[in-house]
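So you can see what is in the structure, the chains are spelled out below.
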Protein chains: 4
Amino acid sequence: MSNTIGKIFSLTTFGESHGVALGGVIDGCPAGLEIDIDFIQSELDRRRPGQSKIVSQRKENDKVEFLSGIFEGKTTGTSIGFIIRNENQKSQDYDHLIDAYRPSHADYTYDAKYGIRDHKGGGRSSARTTVSSVVGGTIAKLLLKKYGIKISAYTSQVGEIKLLKSYKDLDLSKTETNAVRCPDELIADTMLKKIEQMRKDGDTIGGVITCVAQNVPAGLGEPVFDKLHADLGKAMLGINAVKGFEIGSGFEGVKMKGSEHNDIFQVTKEEGRRTKISTKTNFSGGIQGGISNGEDIYFRVAFKPVATIMQKQMTVNKKGEEVELAGKGRHDPCVLPRAVPIVEAMTALVLADHLLRNNKNIL
Amino acid sequence: MSNTIGKIFSLTTFGESHGVALGGVIDGCPAGLEIDIDFIQSELDRRRPGQSKIVSQRKENDKVEFLSGIFEGKTTGTSIGFIIRNENQKSQDYDHLIDAYRPSHADYTYDAKYGIRDHKGGGRSSARTTVSSVVGGTIAKLLLKKYGIKISAYTSQVGEIKLLKSYKDLDLSKTETNAVRCPDELIADTMLKKIEQMRKDGDTIGGVITCVAQNVPAGLGEPVFDKLHADLGKAMLGINAVKGFEIGSGFEGVKMKGSEHNDIFQVTKEEGRRTKISTKTNFSGGIQGGISNGEDIYFRVAFKPVATIMQKQMTVNKKGEEVELAGKGRHDPCVLPRAVPIVEAMTALVLADHLLRNNKNIL
Amino acid sequence: MSNTIGKIFSLTTFGESHGVALGGVIDGCPAGLEIDIDFIQSELDRRRPGQSKIVSQRKENDKVEFLSGIFEGKTTGTSIGFIIRNENQKSQDYDHLIDAYRPSHADYTYDAKYGIRDHKGGGRSSARTTVSSVVGGTIAKLLLKKYGIKISAYTSQVGEIKLLKSYKDLDLSKTETNAVRCPDELIADTMLKKIEQMRKDGDTIGGVITCVAQNVPAGLGEPVFDKLHADLGKAMLGINAVKGFEIGSGFEGVKMKGSEHNDIFQVTKEEGRRTKISTKTNFSGGIQGGISNGEDIYFRVAFKPVATIMQKQMTVNKKGEEVELAGKGRHDPCVLPRAVPIVEAMTALVLADHLLRNNKNIL
Amino acid sequence: MSNTIGKIFSLTTFGESHGVALGGVIDGCPAGLEIDIDFIQSELDRRRPGQSKIVSQRKENDKVEFLSGIFEGKTTGTSIGFIIRNENQKSQDYDHLIDAYRPSHADYTYDAKYGIRDHKGGGRSSARTTVSSVVGGTIAKLLLKKYGIKISAYTSQVGEIKLLKSYKDLDLSKTETNAVRCPDELIADTMLKKIEQMRKDGDTIGGVITCVAQNVPAGLGEPVFDKLHADLGKAMLGINAVKGFEIGSGFEGVKMKGSEHNDIFQVTKEEGRRTKISTKTNFSGGIQGGISNGEDIYFRVAFKPVATIMQKQMTVNKKGEEVELAGKGRHDPCVLPRAVPIVEAMTALVLADHLLRNNKNIL
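Attention in this report is confined to the structure presented alongside it. The numbering scheme is per chain: residues are counted from 1 as the chain's sequence reads. The lettering of chains begins at A and the numbering of ligands begins at 1, in the order of writing. Local features in a predicted model are, by the rule used here, given only for residues with pLDDT of at least 70; side-chain atom pairs are given and counted only at 80 or more, and totals for whole chains, interfaces and linings are based on all residues. With hydrogens and water set aside, each side-chain value is computed from the structure's full complement of heavy atoms.

## Some remarks on the overall build of chain A
Defined as follows: Strands are runs of DSSP state E lasting at least two residues, helices are runs of H or I lasting at least four, and both sets are numbered from the N terminus onward. Every radius of gyration here is taken over C-alpha atoms, with the globule rule written as 2.2 Å times N^0.38, N being the number of residues. A 1.4 Å probe rolled over the protein chains alone gives each residue an accessible area, and that area as a share of the maximum for its type sets the label: buried under 20%, exposed over 50%, partly exposed in between. Only heavy atoms enter the contact rule, under which two residues are in contact if any of them lie within 4.5 Å. Residue exposure ignores everything except the shown protein chains as possible cover, and the areas themselves are Shrake-Rupley values with a 1.4 Å probe. Residues scored as positive are Lys and Arg, those scored as negative are Asp and Glu, and His as well as the terminal groups of each chain are ignored. Each charge is placed at NZ for Lys, CZ for Arg, CG for Asp and CD for Glu.
A count of helical and extended segments in chain A gives 7 helices and 19 strands. Here the C-alpha radius of gyration of chain A, 21 Å, is about what a compact globule of 363 residues would show, namely 21 Å. Considering only C-alpha atoms, chain A reaches an extent of 70 × 50 × 35 Å along its principal axes. In chain A, buried positions account for 68% of the 363 residues. A separation threshold of at least 6 residues defines the contact pool for chain A, and within that pool the share at least 24 residues apart is 69%. Surface accessibility of chain A: about 12,000 Å² in total, with carbon and sulfur atoms responsible for 48%. Computing the positive centroid from 50 side-chain charges and the negative centroid from 45, chain A places the two 1 Å apart.

Spelled out as structure tokens, the structure:
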């Protein structure tokens with residue numbers, strides 16, 4: 001069951017980088033949800049390689065085919081099966097990798113665990129598997145839209161280049177205006193140059209994605225182990241190359257004193273609306289005691305540099321011999337731009353699940 | 001099922017800060033494991049308040065009573081029930097909190113979610129609930145010991161005071177020699193002074209705990225969603241006051257290039273032992289593609305400053321009125337020292353579960 | 001996780017026949033449910049030994065102690081822990097059983113599975129463990145009452161003595177008027193005599209319990225694997241000594257033709273109420289395609305004769321030697337009367353879970 | 001998660017009768033299992049319509065396409081995705097059913113639950129969905145074969161025609177020699193005539209399938225709720241049209257006395273083999289206390305008559321009007337022959353899951 005995420009709104013996925021097809025099953029989606037195929041395809045296109053010159057130039061059309069659970073454009077409440085066929089598989093690119101363990105890839109660990117391994121493109125360990133998460137996550141997004149919930153992720157750091165502004169001081173509608181998916185044009189441009197340099201060098205670079213979920217109602221998250229940020233953290237850490245997750249004040253917040261960090265409650269009353277309890281600051285990141293409090297949920301996700309580089313590296317093969325390895329094929333010098341929709345999709349899966357789990361908590 | 005962690009080796013907990021008792025059920029522990037009650041009690045004592053002057057001075061004996069699943073000192077393979085009775089409940093300390101929402105506590109969110117709330121000591125949202133995790137985690141530790149796996153956590157940062165040395169350059173056996181649980185005596189002393197200052201000021205401070213799991217065999221962790229570090233991250237983020245988790249190179253690693261970050265494989269042959277594949281560096285933190293690779297697993301956990309401060313704060317009550325709040329009772333100026341055994345316990349729960357899940361992956 | 005039942009409203013249990021205590025954790029019960037302790041205790045009393053001369057004369061007070069999850073008489077939405085302490089443990093009654101495998105008990109299979117076994121009173125395999133199910137099930141009953149759902153079980157067969165009337169032709173309020181818990185007095189009396197004869201002979205006898213759930217709304221049950229009757233069947237087959245389950249027309253229905261068996265739909269309109277779709281017959285037993293249709297849900301549960309008899313039997317011990325065994329202690333000549341509240345409790349657990357699972361299926 | 005069965009070896013399915021495709025995901029299958037595609041296809045052919053004149057004459061080729069999790073003919077330990085495309089969909093056969101609720105079908109209950117329904121061929125409620133279970137179950141069979149476990153089901157009753165012999169007195173290899181899948185030729189012939197008569201009458205008939213699992217090792221099954229027969233019962237009751245399940249002595253056993261019903265243990269010693277503990281009788285059906293004891297596991301499954309008949313019936317439509325309904329299309333007069341491989345497949349899924357769950361119960 002390790003290929004399943006979610007308890008009520010759940011996604012189970014399958015598929016390898018260079019197998020016949022990838023896909024999944026969404027179980028627990030409420031009946032009657034309109035499925036906007038164009039929107040789903042557009043989200044897949046955001047994740048797709050070849051969309052700009054700073055990402056992998058592989059050609060993958062990533063056309064999703066829905067097989068069940070949708071009738072006359074709406075969900076029926078039964079399980080939704082879908083597939084994305086693999087195309088343009090240059091499997092011969094990987095022939096030199098049959099035995100060699102690529103550094104910081106999963107070749108060695110898969111062999112240690114399973115004793116057998118689909119070496120082509122990393123098989124199941126490839127980031128290509130996130131294509132299924134994007135399909136599932138986009139359906140979750142459609143559900144969340146019904147409740148007015150909006151999720152916006154963007155690249156906030158590439159290597160040493162860090163966007164210091166808070167999400168509140170950015171125009172998040174500009175994220176899609178550049179290839180890096182950073183809403184600050186100036187920073188985006190610097191990041192772009194950094195990534196292009198990496199590509200020329202045959203090297204790669206890491207970065208950070210910031211994600212904001214707005215208009216999430218208070219009450220989502222279930223103590224003590226399924227706290228909302230615990231499930232968000234798990235979902236993010238499940239994305240390929242992720243090494244860190246922090247919410248609200250995060251690692252910086254440890255330096256603060258309680259008297260500074262505490263988010264003071266206040267009562268606001270907008271004209272013609274009900275009195276509303278909110279917090280003056282939001283170091284909590286919209287979650288307190290594991291439950292959403294109605295403020296913006298925001299968190300940061302750390303991505304290590306892509307392990308596949310075009311430079312020569314020494315490594316070890318299955319027989320325990322030291323061998324030299326040179327990168328081939330078409331890879332990403334920086335995974336961040338394509339990871340933005342993946343972060344959003346995983347966020348949507350967690351929020352949709354907790355939204356449904358939160359029903360009927362009170363008699 | 002949100003009070004359950006683990007799929008094979010699972011722990012389900014219950015209990016509130018000032019209720020009758022806390023406790024839990026461990027399901028899936030293999031039969032025949034010797035239960036060392038003294039060891040379990042000693043771990044509870046590490047978590048207990050009142051153990052030093054820098055932690056809460058509440059008196060809790062935290063005596064665990066096992067009710068089932070153990071026969072003549074060994075586990076029987078059936079579910080293990082246990083309870084820890086609450087004593088010394090100064091519930092009247094909390095009477096002023098019946099209606100007021102304490103800033104950065106879970107009072108407001110519990111009310112928003114459940115419409116009803118045990119206000120005494122935070123009820124189910126209290127860090128007191130981790131007492132059950134420590135019991136479960138210590139049994140997991142006993143299981144892991146059978147496989148030679150060792151888990152060591154320690155306080156590596158308090159406020160701005162950061163221990164810069166790697167765990168490899170520290171004598172981890174010294175962690176218990178001081179009240180802060182930092183293995184570097186000099187740093188420990190500085191941290192101690194900082195915490196004492198906070199206590200005098202009626203304020204609190206955050207910090208970071210580093211945890212290392214050694215001798216974990218290669219092969220633990222299940223792609224794609226139950227990656228080992230994803231489950232570790234979720235377990236850590238489920239601990240009260242945790243706002244961040246990073247493994248291996250973490251957030252710092254995003255600045256690195258792939259050519260620097262990649263952990264090069266090597267073959268080593270110790271005298272009289274089999275050839276072994278290891279990595280020259282360990283930026284991966286012992287996990288690659290979500291599966292342990294046999295190297296040390298190490299990660300960092302960020303704790304925000306404790307929300308309960310002895311200073312006056314403004315807040316809002318249930319009726320939407322602004323009220324003034326003053327801290328009362330016996331609280332921790334810094335949660336880090338007592339959180340060290342909790343981090344270890346949660347780590348043990350995740351590793352024990354994945355150890356059992358990994359059986360029979362290969363025919 | 002094999003000691004847990006339910007996905008949203010779940011019960012996890014622990015405890016052995018002669019251990020310190022039995023108990024459990026209820027997770028997922030909505031907040032705000034009033035807990036009627038007297039009602040819970042009265043249900044435990046229905047299951048208790050010693051309540052009449054045809055059941056085991058063991059003395060067990062079966063007082064439940066709630067430890068958490070309830071505040072000022074109402075559920076808080078957090079996990080509810082409870083225990084029932086064992087008393088009057090005549091463990092020495094079982095000393096002769098340390099090595100011998102009692103026929104048709106679980107002694108041999110527990111040894112085969114776990115290699116270690118609490119032999120006293122059957123340990124975890126004892127029907128005494130159902131005391132936890134009754135506590136959990138009674139809380140489920142309290143929840144179902146809020147929705148008007150009523151569950152009524154009764155003894156419908158003891159050995160060859162079978163109550164041929166349908167539940168619709170019986171006054172189910174009379175079930176508790178006799179020690180056998182059969183609502184037909186004449187049949188009850190004959191059953192009583194049969195059971196008394198068995199007791200005198202040192203023998204035991206099997207029987208059937210019929211259970212009816214009324215006023216269950218249409219829509220409960222989740223295809224394809226969690227059909228409502230599949231979950232009911234699993235819950236019943238999990239009760240000690242159960243060997244069969246049939247719903248609606250059951251095994252007799254296989255002889256019918258489709259034209260006879262089909263439940264024809266009709267429209268009824270009671271005065272002052274909405275038009276209602278119902279079925280003229282109810283061979284389906286209130287469930288069609290795995291989902292409740294609003295008709296009465298009724299099913300039958302087969303119990304084998306109790307394995308513990310007071311006669312001498314040959315058996316085999318752990319060393320593989322043939323040994324003679326004689327029953328000792330205080331046992332039930334027929335398990336049916338005490339199993340009636342257990343069947344009801346397990347039914348309530350399944351219905352409460354599916355009631356909560358059914359929320360928000362339609363947008 | 002209601003479309004998932006199994007905790008370690010799990011199957012998640014999707015697909016409707018007349019949708020694009022059906023399929024599923026198998027998660028938790030150990031790595032290194034050889035996948036015999038021909039065997040899988042042959043099992044699908046046993047379930048397929050059109051295979052004889054007593055079953056539905058629909059044309060479905062039921063070709064399975066594996067999409068992932070298999071590399072060079074062996075499982076890789078990662079999730080196995082597969083699809084079976086629907087062909088020959090005479091959807092117009094169902095146009096008259098858009099609004100009418102077919103008696104004893106799931107039309108009404110799906111509408112009540114989901115408010116939307118794929119009416120074509122019953123959509124997700126169709127027995128066609130079992131095609132995915134057969135694929136998953138056949139892979140489970142391949143795994144069980146490695147352990148020598150053999151599963152054999154057969155038709156043991158059609159209407160009033162009942163095969164009275166025990167499975168031990170039958171040559172189970174003859175099951176496939178006739179269209180009814182009854183290993184007794186004479187009885188098979190009588191059943192055949194009965195079914196043909198039903199077909200001529202435009203009517204249908206129910207029946208019973210008996211299933212035997214041989215060579216199951218002692219130790220499978222997990223008390224208290226996941227008893228082996230409880231999980232088998234749930235799996236069987238999840239099959240379309242099943243109304244009853246009984247194991248071992250079942251409903252007949254309730255008439256027996258404990259002194260007759262108890263299975264006496266004995267020690268046997270076959271030449272050149274270890275001493276073995278077995279039982280002289282097997283009223284327990286191979287499971288005691290919810291755990292397999294090494295004896296044959298056998299049980300019976302009751303199927304109601306197929307609801308679709310070719311005769312006219314009155315019913316009600318969505319608007320609450322009474323309407324007349326006449327059967328159209330190509331349906332089964334008796335579901336038993338085609339259900340035999342389905343019963344075997346579901347049995348295999350449960351046994352494979354418990355086989356893997358049983359690993360490492362003893363340290």
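## Focus: the environment of Val340 of chain D
Residue and element names in this part refer to chain D. One can find Val340 in helix 7 (residues 336–357). For the pair Val340 and Glu324, spaced 16 residues apart in the sequence, the C-alpha separation amounts to 33 Å. For Val340, the residues in contact, after removing those within four places along its chain, are Arg46, Ala153, Tyr154, Thr155, Arg181 and Ile209.

## Some words on the interface of chain A and chain B
What counts, and what does not: We define buried area as the total accessible area lost by two parts upon association, computed with a 1.4 Å probe and summed across both. Every case where a carboxyl oxygen of Asp or Glu lies within 4 Å of a side-chain nitrogen of Lys or Arg is listed as a salt bridge.
Facing 106 residues of chain A, the contacting portion of chain B comprises 106 residues. When residues of chain A are sorted by the area they lose upon contact with chain B, Lys113, Phe225 and Lys243 of chain A head the list and together hold 11% of the total. Remark: the boundary between chain A and chain B carries 4 salt bridges. Lys234 of chain B serves as the salt-bridge partner of Asp231 of chain A, at 2.7 Å between the closest nitrogen and oxygen.

## Quick notes on the packing of aromatic side chains
Cut-off, in case you're wondering: Any two rings among Phe, Tyr and Trp, with Trp reduced to its six-membered ring, count as a pair given centres within 6.5 Å; such a pair is stacked if its planes are under 30 degrees apart, edge-to-face if over 60, and tilted if neither. Whether a charge sits over a ring comes down to the Lys NZ or Arg CZ being within 6 Å of the ring centre and within 35 degrees of the ring normal.
By the definition in use, this model includes 30 aromatic pairs over all chains. Aromatic side chains Phe245 of chain D and Phe299 of chain D sit 5.3 Å apart centroid to centroid with 40 degrees between the ring planes, which places their arrangement in the tilted category. Remark: Phe299 of chain D occurs in strand 17 (residues 297–303) and Phe245 of chain D occurs in strand 12 (residues 242–247); sequence separation between them is 54 residues. In terms of burial, Phe245 of chain D and Phe299 of chain D fall into one category: buried. Counting every residue linked through ring pairs, the aromatic cluster contains Tyr101 and Tyr108 of chain A together with Phe265 of chain B. In this structure, Lys145 of chain A packs its charged tip against the face of Phe39 of chain A, placed 4.0 Å from the ring centre.

## A closer look at unusual backbone geometry
When glycine is set aside, most residues are seen to have a negative phi, and most peptide bonds are trans. With an omega dihedral of 5 degrees, the bond running from Pro223 of chain A to Val224 of chain A counts as a cis peptide bond. For Ala241 of chain A, which is not glycine, the phi torsion reads 80 degrees and is therefore positive. Position of Ala241 of chain A relative to the elements: it lies in the loop between helix 5 (228–237) and strand 12 (242–247). With a phi close to 50 degrees, Glu72 of chain B is a non-glycine residue in the positive phi region.

## Quick look at the sheet that holds strand 3 (residues 21–27) of chain D
All names here are of chain D. The test is simple: Being paired, for any two strands, means DSSP has found at least two bridges between them.
Strand order in this open sheet of 5 strands is 1-2-3-7-4, and the pairing throughout is antiparallel. At either margin of the open sheet sits one strand with a lone partner, and together these are strand 1 (4–5) and strand 4 (64–66). Summarising the sheet, strand 3 and strand 7 (residues 80–85) pair through 6 bridges and their orientation is antiparallel. Considered in strand 7, the bridge of Ile26 is made with Ile80.

## Points about the pairing of strand 19 (residues 322–326) of chain D
Residue and element names in this part refer to chain D. As paired elements, strand 18 (residues 312–317) and strand 19 share 5 bridges and run antiparallel to each other. Across the sheet, residue Gln313 finds its bridge partner in strand 19, namely Leu325. Count of turn residues in the strand 18/strand 19 antiparallel hairpin: 4 residues, of which Gly320 carries a positive phi of about 90 degrees.

## Notes on the relation of the copies chain A and chain B
Note the threshold: Least squares is the method for superposing the copies, and the C-alpha atoms it fits come from residues with pLDDT of at least 70 in both.
Of the transformation placing chain A onto chain B, the axial shift is 0.0 Å and the rotation is 180 degrees, giving an RMSD of 0.0 Å. Taken together, these values place the two copies in the relation of a two-fold axis. By residue overlap, the copies meet face to face through one surface: 100% of the interface positions of chain A are interface positions in chain B.

## Observations regarding the state of the cysteines
A covalent bond bridging the sulfur atoms of two cysteines is what the word disulfide describes. Stated formally: The disulfide criterion used throughout: a pair of cysteine sulfur atoms within 2.5 Å.
As enumerated under the stated definition, the model contains 0 disulfides over all chains in all. Lacking any disulfide linkage, Cys334 of chain C is separated from the closest cysteine sulfur, that of Cys182 of chain C, by 11 Å.

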